[in-house]
Amino acid sequence: MLLHPFRIHIFLHFCLCLQTCLVNSSIIFGVDSIHGGIFDTKCSDPPLESREQMADVVLTGTVRSTSPEKGTSKLYSAEVEVKRVMKGEEKLIGLLDSNVGQRLIVHGFGDPRFCENKVRVFDTRILMLAIEDGGILTLNSSVVRISLRNLNHVDHAVRGKEI
């Protein structure tokens, strides 16, 4: 049986609309962690600006090694090579000789309170950290993937400017 040309046209239009919706969804979900998890029903982070305000230190760094935390099965720490300190440089003076290129230990990866809480060796991320008693650095919110857009967004948040 031959299909009517109008039915073929409607079918192709439907397929094209469906494909467009799926592509747009993947673009939106790709920036989900920078905007605070607004599309994820299980997990939601505060907006980036408030996460930056809560953090004592904001830096970019590359994970060089990971090790499990003692007494817990989910949490782990990571040795992070500092690439750039965006906030709290004066608070790191006692922890680092010079800020760039030095390595420090960050605790709290794998914390289920944060949506993006996992890193692997050689991952380069934007980290928002709290300084606990004794100079221990802990993850303060979700890690943020490195991209030009995310770097600009975090930089503007640290400087208190609107994007």
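Values in this document were obtained by computation on a predicted structure and should not be read as measured data. (Residues numbered from 1 in each chain as written. Predicted model: local features only at pLDDT ≥ 70, side-chain atom pairs only at ≥ 80, totals over all residues. Heavy atoms only, no water.)

1. Quick notes on the overall build of the protein
Part 1: When its secondary structure is counted, the protein shows three helices and six strands.
Part 2: Counting from the amino terminus, the protein carries its helices and strands in the arrangement α-α-β-β-β-β-β-β-α.
Part 3: Put simply, the protein has 163 residues, and 37% of those count as buried.
Part 4: For the protein, contacts bridging at least 24 residues in sequence account for 60% of all contacts bridging at least 6.
Part 5: Looking at the protein as shown, the accessible area adds up to about 10,300 Å², and 58% of this sits on carbon and sulfur atoms. (Helix = DSSP H or I, 4+ residues; strand = E, 2+ residues; numbered from the N terminus. Buried < 20%, exposed > 50% of the residue type's maximum accessible area, 1.4 Å probe, protein only. Contact = heavy atoms within 4.5 Å. Areas by Shrake-Rupley, 256 points an atom, 1.4 Å probe, with all protein chains shown as cover.)

2. Concerning the packing of aromatic side chains
Part 1: For the structure on display, the rule yields one aromatic pair.
Part 2: Between Tyr-76 and Phe-109, the ring centres sit 5.9 Å apart and the planes meet at 25 degrees, which makes this aromatic pair stacked. Residue Tyr-76 is found in strand S2 (residues 76-87), and its partner Phe-109 is found in strand S3 (residues 103-109); the two are separated by 33 residues along the sequence. Here the two residues Tyr-76 and Phe-109 agree in accessibility, since each one is buried. (Phe/Tyr/Trp six-rings, centres within 6.5 Å; stacked < 30°, edge-to-face > 60°.)

3. A short note on the nonpolar core
Part 1: In this structure, Leu-59, Phe-109, Leu-127, Leu-129 and Leu-139 are the most contacted members of the largest nonpolar core, which totals 19 residues.
Part 2: Every element with two or more residues in this core is listed here: strand S1 (57-68), S2, S3, strand S4 (124-131) and strand S5 (137-139).
Part 3: When residues in this core are grouped by element, the largest group, five residues, is from S2.
Part 4: Those residues in contact with Leu-129 that sit more than four places away from it in its chain are Ala-55, Asp-56, Val-57, Leu-59, Val-106, Leu-137, Thr-138, Leu-139 and Asn-140. (Core = buried A, V, L, I, M, F, W, Y, C linked by side-chain atoms within 4.5 Å.)

4. Notes on the pairing of S1
Part 1: Strand direction decides the pairing type here: S1 and S4, joined by six bridges, are antiparallel. When the sheet's bridge partners are listed, Val-57 is paired in S4 with Leu-129.
Part 2: Bridge count between S1 and S2: ten bridges; the pairing is antiparallel. Bridging across to S2, Val-58 finds its partner in Lys-87. (Pairing = 2+ DSSP bridges.)

5. A look at the confidence of the model for the protein
Part 1: For the protein, the average pLDDT comes to 81, and 72% of its residues sit at 70 or higher.
Part 2: Contacts from residues 25-34, a stretch scored under 50 in pLDDT, to residues over four places away or in other chains number 13 contacts. (pLDDT = per-residue confidence, 0-100.)

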